[in-house]
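Given next are the chains, with one letter for each unit.
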Amino acid sequence: MELSEHIKTANVEAVTLRRPFHPALRGTLCVTSHHLLFSDRKDEASRQLLILIKNIDAIEKSVENLFGYPRAVGSSGTITIKCKDLLVLQLEIPGMEECLNIASSIEVLNIVITSHRQKERLLWDRWRVSKVNSDYSVCPSYPSAVIVPREVDDDKLIRSARFRQGGRFPVLSYCHHRNGMVIMRSSQPLTGANKKRCKEDELLLQAVIDGSELGYIIDLRSAQQAQQARMTGGGFESKSCYSHWKRIHRHHERGKVVQESLIKLVEVCSDPSHTVDRWLSKLENSKWLSHVHSALSTAGLVVECVERDGHSVLVHGSEGTDNTLLVSSLAQLILDPASRTVTGFLCLLEREWIQAGHPFQQRCAHSVYSHARLKQECPSFLLLLDCVWQVWRQFPLALEFSEALLLRLAQEVYASNYGTFLCNSEQERCAAGVKENTHCLFQSLLKPDIEEQYLNPLYEPTDLAIWPSVHPQSLQLWTGMFLRWTKHAQNMEEAREEVWRIVKEHRERAGPDRTNNTLSTHCDTLTPFENLMDELTIL
Amino acid sequence: MEHIRTPKVEQVKLLDRFSNKSVTGTLHLTATHLIFVESNSTSAQEIWILHHHIASVEKLSLTTSGCPLLIQCRNFRLVHFVIPRERDCHDIYSSLLRLLRPVSYDELYAFSYNPKQNDQQREEGWQLIDLAAEFERMGVPCDQWQLTDVNREYKVCKTYPRDVYVPITASKPIIVGSSKFRSKGRFPVLTYFYQEKKAAVCRCSQPLSGFSARCLEDEHMLQAISKANHNSRYIYVMDTRPKLNALANRAAGKGYENEDNYSNIRFQFVGIENIHVMRGSLQKLLEGVGTRSLSMTDYLVGLENSGWLRHIKAIMDAAIFLAKAVTVEGASVLVHCSDGWDRTAQVCALGSLLMDPYYRTIKGFMVLIEKDWISFGHKFADRCDQLDPDPKEVSPIFTQFLECVWQLTEQFPQAFEFSEWFLIQIHEHVHSCQFGNFLGNSQRQREDLQLKERTYSLWAHLLSENQNYLNPLFSPSFAESHPVLEPSTQAYHFKFWRNMYNQYDRSMHPRQSILKHVLTLQESNRELEGTVQALKTKLQKFGVNTSPLKPQTPPRECSLPPRPQSLILGAPLLSRKEVQQEEDEEVFGEEAREDAPASTGGERTVEGSSATENSYGELMGSFGSKNEPGVVTLEFGVARMTC
């Protein structure tokens with residue numbers, strides 16, 4: 001529930017304010033989520049008073065005409081506000097109803113704000129930043145700092161890391177504010193053929209779900225593949241060892257298969273001679289849209305667990321550097337309004353892809369036209385961008401950024417003037433001195449004024465989860481990407497400009513207050529928790 | 001009505017087509033509609049199904065929970081009821097069977113439908129579209145083309161309109177002679193005149209040439225068409241059929257023009273399949289996209305196997321050929337198929353639309369349909385199965401035309417004044433039989449039925465709520481810079497029209513609509529502009545000079561900044577009651593709108609987005625006891641999401 005929903009009466013005119021050392025003032029009183037605003041609304045030298053609701057210690061109300069004529073013309077009430085800094089104010093409010101509303105709104109807000117904070121602190125009480133990987137010895141592909149359950153100490157983490165492929169032990173990826181449920185990610189456990197166990201790993205996961213609840217492990221391989229992985233030393237979390245976790249297998253293609261899909265897709269897109277039938281059959285044959293479909297469905301499943309059913313989730317495939325990141329970041333985009341802003345989305349990429357050790361250099365060494373033999377190439381990141389585009393198609397107002405930003409990222413990830421997508425992990429970037437010797441793409445995208453083309457003119461933030469439809473009919477080929485060099489693109493560009501024109505016209509006419517407000521809502525959604533997360537990424 | 005034995009059944013379950021969800025409610029059967037009212041009082045959705053929309057009713061075998069009744073509609077709605085008692089189910093079933101097969105025109109809804117207009121309003125509605133004025137707009141009659149009264153009494157061709165335009169040099173005996181040589185007497189007449197090059201688009205039916213027959217008058221007729229255009233020495237004759245079909249027709253004494261017999265013609269086959277192939281193709285398409293938990297592979301394979309998009313492309317190709325011949329070469333074109341009322345109508349109408357920006361406006365599109373489809377005798381009654389059904393005559397020919405236009409709107413987002421909802425709405429009413437326009441098979445039959453006296457015109461209805469169908473991106477200057485559309489026919493431009501064929505499958509649609517949103521912005525822009533103007537004039541009245549430099553203060557800024565919630569709208573907030581009304585409309589679909597003609601808005605794309613509507617995975621069953629989160633209405637027309 002939004003804080004502002006507790007406000008019964010947002011503003012009242014003709015209120016008289018009395019306070020020490022000042023003459024009585026008449027003006028307008030306005031209640032917002034965090035402030036009490038009083039203004040006499042005179043153009044010049046206007047007197048305003050801004051009080052933090054947190055600052056209010058007590059509130060007393062006295063209403064005239066309480067009995068008798070409830071709607072009498074002359075009815076009014078007085079609220080006495082006693083602040084924590086010992087200031088005492090009196091507000092005379094015309095209209096008994098308004099008076100009571102204002103008083104009760106302030107009271108409720110005061111309580112709610114407090115509990116909000118407590119809840120957050122509670123969340124933070126359960127988690128901590130661990131520097132166990134500060135020299136990258138525990139997990140070479142993880143960043144130096146990760147978030148883990150508070151009760152699990154670094155020794156346990158090291159043991160758990162030994163039990164996970166590439167040392168990628170379960171770490172926090174996202175915490176859902178509404179219910180405190182989390183998305184964790186890791187790589188596969190190394191159970192092997194003889195079903196090894198690791199007490200610390202089990203404890204770590206146990207700590208995540210806090211004992212009594214149930215968690216979900218979304219394994220991005222089919223059950224059969226997971227079984228087979230045991231032959232080569234990998235495996236999965238068995239029911240008997242992880243009794244509070246329920247495992248769900250979803251099959252996702254990876255590596256070479258996805259790369260070949262992309263090659264086939266681009267091939268069919270660049271051959272204009274196809275008949276409709278041939279086009280459809282080749283499009284099907286490329287399987288690219290099937291990958292998009294399964295990525296979005298699994299992300300939807302994760303969100304369903306977290307948001308609808310209120311359970312924590314652990315996502316992993318085998319290595320935990322491709323599909324795992326794809327699913328966890330898509331889930332956040334669907335769940336979290338903060339990740340739908342430009343800044344938030346770039347932060348998401350920084351956190352979930354760059355810091356989390358997606359091996360960009362290996363995956364994006366070659367694109368589709370190269371004759372070089374495929375080694376480790378895989379367009380996981382491009383798949384993410386495609387999925388984000390699909391979400392935007394279905395919720396054209398919900399994302400602050402535009403298709404152009406996605407296209408720019410798709411370009412930068414393969415070849416870039418910036419250092420952002422260099423190397424395979426933070427360790428490598430550190431060793432190569434990327435931060436010292438190159439510029440940051442995200443910084444240049446954000447500073448000083450983000451280019452208009454990267455913004456979505458229709459953006460209107462919503463706090464709700466945006467569940468995309470995953471019916472095949474609802475998914476489309478990303479023409480802006482795969483057919484961007486066709487003549488057809490020009491008409492679309494003109495249409496886009498027309499949308500901008502209409503929006504600008506509207507902004508001019510309706511005044512700037514609208515845009516200001518959208519900005520302020522951004523700030524609101526960036527809660528302390530995310531700020532910490534952001535700080536982490538800067539670390 | 002005497003056919004209704006059980007007007008009301010309670011505790012009926014409505015199953016969702018794509019998930020395991022179901023809702024319980026009451027089923028009402030009235031003389032015109034089948035109505036399902038959900039019993040849940042908070043979100044009481046209602047579904048109104050017009051009897052004419054029902055294509056088939058099927059009673060499935062009895063299950064433990066009741067008797068399933070499957071109803072398929074022509075507007076691609078599919079509902080699956082489970083009725084607890086078998087007897088009730090049977091009553092509904094047999095009543096529907098009778099009701100959806102009217103035996104005479106008088107039983108059609110149009111003859112009982114009354115939108116509370118007086119006679120004068122009705123008459124004005126029918127006068128909205130004037131084809132004589134339309135030909136005048138094209139520049140006909142002129143020195144080469146004239147109006148002929150040869151068909152005034154429908155004596156030469158029963159399926160043509162009374163007024164037809166022919167070359168000046170075509171005398172009556174030539175016309176009559178030519179008509180005897182053409183299937184169903186449909187001789188070559190003008191349908192579109194491209195003034196800039198004086199090139200004409202003419203239409204007719206196939207010649208009765210057999211293997212060797214000729215007809216001098218018919219040859220003269222084509223000669224006359226050719227002579228009427230000084231820009232080109234030849235005319236194109238487009239046979240829109242595949243060559244094989246045309247050859248087969250020769251055995252039945254029909255066929256195609258022999259180039260040796262006609263001077264200066266260039267003959268061309270186009271290869272659009274016949275009505276039976278199209279019917280089968282749509283059937284396959286709908287089967288494909290109606291499958292539950294469809295995989296991406298099955299979807300694309302199904303799309304391919306149906307061949308539907310291939311047929312759409314064939315029609316588009318033909319129209320582009322026509323437009324090129326006329327606008328680039330300046331040649332006149334004669335289009336025909338077998339009878340000249342299906343493929344010919346598609347190609348002529350679509351070709352004209354490519355050539356003339358007027359047809360891309362709302363009014364112009366109505367004129368186009370009135371001209372090439374209604375007046376030239378596309379057999380709406382047969383093709384849309386209005387009366388006395390012959391399943392072999394039913395075919396989605398007109399639907400294909402609408403889809404071709406939709407494909408164009410996708411390629412040229414700024415070229416059309418109307419949005420796809422206009423097309424979908426027209427499609428709805430072609431089958432609804434609620435208005436008189438599409439009843440019957442020919443102008444003559446419509447006159448016999450006295451439709452103009454006894455029914456209402458759809459065009460007036462659509463124009464009265466045209467703000468619902470506007471394309472906010474429409475730019476008249478685009479028409480100036482692109483008078484002739486040159487669409488690309490690359491295979492990837494042909495997309496599946498989800499909003500048509502899955503229009504009632506709410507979970508599939510985008511959850512927020514750019515179109516709706518931009519329209520709202522535009523509307524609000526206009527309003528603000530209006531207020532500014534009003535204020536200016538007021539000020540001037542008081543003798544105050546308004547300086548253009550000073551920014552105008554819109555009236556809404558006068559109050560303190562409102563709370564963020566209301567700002568989400570960016571447009572005047574609708575009162576709760578209005579919102580409710582809008583939503584109701586959305587649920588009722590079109591049938592309900594007639595009851596509230598004054599209200600505005602209402603679009604069907606917008607749906608709640610929730611996990612339950614998307615089958616993400618196997619999680620669903622395992623948390624049966626969990627409550628679903630409530631649905632929050634954020635904004636009319638845009639978002640309904642779970643909180």
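If you're wondering where the values come from, they're calculated on a predicted model, not measured in any experiment. All residue numbers here refer to positions counted from 1 along the written sequence of the relevant chain. As they are written, the chains are lettered A onward and the ligands numbered 1 onward, keeping that order. Where totals are concerned, whole chains, interfaces and linings use all residues; where local detail is concerned, this predicted model gives features only for residues with pLDDT of at least 70, and gives and counts side-chain atom pairs only at 80 or more. Side-chain calculation: all heavy atoms of the structure are included, whereas hydrogens and water are not.

Pulling in residues and values, what's your account of the sheet that holds strand β5 (residues 54-59) of chain B?
Residues and elements named next belong to chain B. When DSSP finds at least two bridges between two strands, those strands are taken to pair. Each helix is a run of DSSP H or I of at least 4 residues and each strand a run of E of at least 2, with the numbering of both proceeding from the N terminus. Judged by pairing direction, the sheet is antiparallel, and its seven strands sit side by side in the order β4-β3-β2-β1-β7-β6-β5 without closing on themselves. Each end of this open sheet is capped by a strand with a single partner; those strands are β4 (46-50) and β5. Strand after strand, the sheet turns through a mean of 30° between neighbouring axes, direction not considered. Of the strand pairs in this sheet, β5 and strand β6 (residues 67-73) are connected by five bridges, and their pairing is antiparallel. Paired with Val57 across the bridge in β6 is Ile71. Any two residues whose heavy atoms approach within 4.5 Å are treated as being in contact. An axis is simply a line fitted to the C-alpha atoms; with a helix, the fit covers only the stretch in contact. Between two such axes, the angle follows the N-to-C directions and lies from 0 to 180 degrees. Its contacts with the sheet place helix α1 (residues 86-99) against β1 (8-15), β2 (22-29), β3 (33-38), β5, β6 and β7 (78-83), and it is angled at close to 150° to β5.

Describe the pattern of salt bridges, with residues and values.
All names here are of chain A. Salt bridge, as used here, is a side-chain nitrogen of Lys or Arg placed within 4 Å of a carboxyl oxygen of Asp or Glu. Counting across every chain of the model gives 49 salt bridges over all chains. The partner of Glu304 in a salt bridge is Arg308, with the nearest N and O atoms 3.9 Å apart. Taken together, the residues span about one helical turn, with Glu304 and Arg308 both in helix α7 (residues 288-308) at a distance of four residues. Throughout, exposure labels follow a simple rule: accessible area from a 1.4 Å probe, protein chains only, divided by the maximum for the residue type, with under 20% read as buried, over 50% as exposed, and the rest as partly exposed. Residue classification places Glu304 among the buried positions, given a relative accessible area of 0%.

Account for unusual backbone geometry, with residues named and values stated.
Residue and element names in this part refer to chain B. A cis amide bond links Val140 with the next residue in sequence, Pro141, at an omega value of 0°. Residue placement: Pro141 occurs in the loop between α3 (131-138) and β8 (145-148). In the Ramachandran plot, Gln11 falls in the positive-phi region, its phi being about 60° despite a non-glycine side chain. Inspection of the secondary structure puts Gln11 in strand β1. On the basis of relative accessible area, Gln11 is assigned to the exposed category, the value being 56%. For Cys433, which is not glycine, the phi dihedral falls at a positive 55°. Take Cys433: it is sitting in the loop between α14 (420-432) and α15 (443-448). In this structure Cys433 comes out as buried when scored by relative accessible area, which is 2%.

Give me the state of the cysteines: which residues, what numbers.
Disulfides are covalent bonds that link the sulfur atoms of two cysteine residues. Counting rule for disulfides: a pair of cysteine sulfur atoms within 2.5 Å. A complete count under the given rule lists zero disulfides over all chains for this structure. Looking at Cys387 of chain A, it has no disulfide partner, and the nearest cysteine sulfur is the one in Cys378 of chain A, 12 Å off.

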